[in-house]
Amino acid sequence: MSQPTVPTPTAATPTSGAAEASVRRIAGLALPALVVLAAEPLYVLVDTAVLGHLGSVPLAALAVGGPVMTLIVWIGTVTAYGTTGRAARRFGYGDRSAAVAEGVQSSWLALAAGLLLAVVMQFAAGPLARTVAGGESPEVADGAALWLRIAAIGAPGLLLAAAGNGWMRGVQDTRRPLYFVLGPNLLSAVLCPLLVYPAGLGLAGSAVANAVAQTLCGLLFAGALVAERIPLAPRPGVIARQLVLSRDLLIRGAAFQASFLSATTVAARFGVAAVGAHQIALQLWFFTALLLDALAIAAQSLVGAALGAGDAATAQVLARRVAVLGGLCGVAFAVIIAAGAGVVPAWFSADLQVREQAMVAWPWFAGMQPLAGVVFALDGVLIGAGDIRYLRNLTVLSALGVFLPAIWLTFAFDLGLGGIWAGLTLFVVARLVGLLLRMRSGRWLVLGAIR
């Protein structure tokens, strides 16, 4: 196998027809991916609204349990993103079977990891919840631990779905995931209020609905792999290589999770109202981030395929266009979020103190959106290009050098939620600068079926 080559970027400008085709291709993949990405956070927002009207303690319990459960979602994201890049390059090279085979092996890895996490969480949920909640809120910690133990049962399905999304995006199939994800999450959105209120399960009902959705979703993606009629046996050598290739994504994800868990831990020290408000703002931020990430999904697939086919010029066009589109979408979100400042927090809590605390974070939440749109789009470009090591280093440096110091200074000087969200904004700015420098260098442009 020939070694991948690094092309020298040129100043050549593509024709307008090629540029328009790039926009159509981006939209064709991004729009279905948008619905898929929105399904999960929409369910979480429904969950937050349902539990928020039970009182501040259940909402705070979800605020504590949610970020811990996000650790599992993070592992799923690593599985999906790592698989997309590898599958897209093989697909662009003209070998669809090899692209799907990447999905088979990542699915075995996802299933094993999901089963392990489901078991471990039965024992670790209590200590994790108490650590995040702090010693001042035992009622919140107990509720979070209960929610985590039940919700973790859906971990195998969640990770199987992530692996399935990964290989399907790699072969530029974003339509089937639309049905595989949307259906179970709509079912769960209906089940959640029924189990919480009429069935009287309260916080536990929310977790049951979550586990049902994740399990059904995973089964649908597993069925799609079977329908491909390719060998399904696990190949330990391939799985081991995928683990090695995913190392940088794991480290990058760990930096994110350490940052967000630290933010929630500090918010919890400011009281139940503060951590409840932080949960509302953070879940809305995750929601807008995942909507903006639709462009990153398209970039992963299209940039990976272009580089696999040896087409550096198209990869450069795609990178520029997704960055511009990301910024424009971010501006639109900023306007919508600012307009909803006096209304949206009330959807999630009737507690006046929680709503007042949410307004402290709101200006930062709205103001960072245009920058975040560009950051998420360029993240997708580098993931599709397989330039994961640079993303790892940039994220770790931004987290350790910017976000975490800001969070703990907020705690030390009692700056409240405003300090936490100012730190998150600085985190986005630091990543934006690093990504723009990498784009300009051209060192991410590596051609071939394998980087």
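Residues numbered from 1 in each chain as written. Predicted model: local features only at pLDDT ≥ 70, side-chain atom pairs only at ≥ 80, totals over all residues. Heavy atoms only, no water.

1. Remarks on the overall build of the protein
The helix and strand tally for the protein stands at 16 helices and zero strands. For 451 residues, the compact-globule estimate of 2.2 N^0.38 gives 22 Å, and the C-alpha radius of gyration of the protein, at 21 Å, lies within 12% of that figure. The proportion of buried residues among the 451 residues of the protein is 59%. If you take every contact in the protein between residues at least 6 apart in sequence, the share linking residues at least 24 apart comes to 86%. Carbon and sulfur atoms make up 70% of the accessible area of the protein, which totals about 17800 Å². (Helix = DSSP H or I, 4+ residues; strand = E, 2+ residues; numbered from the N terminus. Rg over C-alpha atoms; globule rule 2.2 N^0.38 Å. Buried < 20%, exposed > 50% of the residue type's maximum accessible area, 1.4 Å probe, protein only. Contact = heavy atoms within 4.5 Å. Areas by Shrake-Rupley, 256 points an atom, 1.4 Å probe, with all protein chains shown as cover.)

2. Thoughts on the nonpolar core
By size, the foremost hydrophobic cluster in this structure holds 124 residues, and its most contacted members are Trp285, Val381, Trp421 and Trp444. Looking at this core, the element that brings in the most residues is helix α10 (residues 272–308), giving 22 residues. Residues Ala39, Met168, Phe180 and Ala224 belong to the second largest nonpolar core, which totals 18 residues. (Core = buried A, V, L, I, M, F, W, Y, C linked by side-chain atoms within 4.5 Å.)

3. Considering the confidence of the model for the protein
Confidence along the protein averages 82 in pLDDT terms, with 91% of residues attaining 70 or more. Within the protein, the element-level pLDDT minimum falls on helix α1 (residues 16–52), averaging 71, and the maximum on helix α7 (residues 203–227), averaging 92. With pLDDT under 50 throughout, residues 1–21 is counted as low confidence; its partners more than four residues away or in other chains account for 20 contacts. (pLDDT = per-residue confidence, 0-100.)

4. Some remarks on the environment of Met439
Position of Met439 relative to the elements: it lies in helix α16 (residues 416–441). Take Met439: its relative accessible area is 18%, and that puts it in the buried class. A C-alpha to C-alpha distance of 16 Å links Met439 and Val428, two positions eleven residues apart in sequence. Not counting the four nearest positions on each side in its chain, Met439 is found in contact with Ala319, Leu378, Val381, Leu382 and Trp444.

5. Considering the packing of helix α6 (residues 176–196) against α7
Relative orientation of the contacting elements α6 and α7 amounts to 160°, with a least axis distance of 8 Å. Relative to α7, α6 is oriented roughly antiparallel. In this structure, the crossing between α6 and α7 has a hand that is right-handed. From α6, Arg176, Pro177, Phe180, Val181, Pro184, Leu187, Ser188, Leu191, Cys192, Leu195 and Val196 reach across to α7, where they touch Gly205, Ser206, Val208, Ala209, Asn210, Val212, Ala213, Leu216, Cys217, Leu220, Phe221 and Ala224. (Axes fitted to C-alpha atoms, helices over the stretch in contact; angles between N-to-C directions. Parallel < 35°, antiparallel > 145°, perpendicular 65-115°, else oblique. Left-handed = near helix turned anticlockwise from the far one by under 90°.)

6. Let's talk about the pattern of salt bridges
Evaluated as defined, the whole model comprises eight salt bridges. For Arg96, the salt bridge goes to Glu228, with nearest N and O atoms at 2.9 Å. Taken as a pair, Arg96 in helix α3 (residues 96–133) and Glu228 in the loop between α7 and α8 (236–245) lie far apart in primary sequence, 132 residues in all. Residue Arg96 is classed as partly exposed on the basis of its relative accessible area, which comes to 34%. (Salt bridge = Lys/Arg side-chain N within 4 Å of Asp/Glu carboxyl O.)

7. Overview of α10
With 37 residues, α10 should cover 54 Å at 1.5 Å per step; its first-to-last C-alpha distance of 51 Å lies within 8% of that length. Maximal helix bending in α10 amounts to about 35°, located at Ala294. The buried fraction of α10 amounts to 35 of the 37 residues, a majority that puts the element mostly inside the structure. Positive phi appears at Gly310, one or two residues downstream of α10, with a value of about 80°. (Expected span 1.5 Å × (residues − 1). Bend = angle between axes of the 7 residues up to and from the residue.)

8. Some words on unusual backbone geometry
Unusually for a residue other than glycine, Gln172 sits at a positive phi of about 65°. Take Gln172: it is sitting in the loop between α5 (155–170) and α6. Here Arg229, not a glycine, exhibits a phi torsion of approximately 55°, which is positive. Here Arg229 lies in the loop between α7 and α8. Overall, the relative accessible area of 79% leaves Arg229 in the exposed class.

9. Let's talk about helix α9 (residues 247–269)
The end-to-end C-alpha distance of α9, which contains 23 residues, comes to 33 Å, matching closely the 33 Å that a straight helix rising 1.5 Å per residue would cover. When you tally the buried positions in α9, you get 17 out of 23 residues, the bulk of the element. Looking one or two residues beyond α9, the residue adopting positive phi is Gly271, at roughly 115°.

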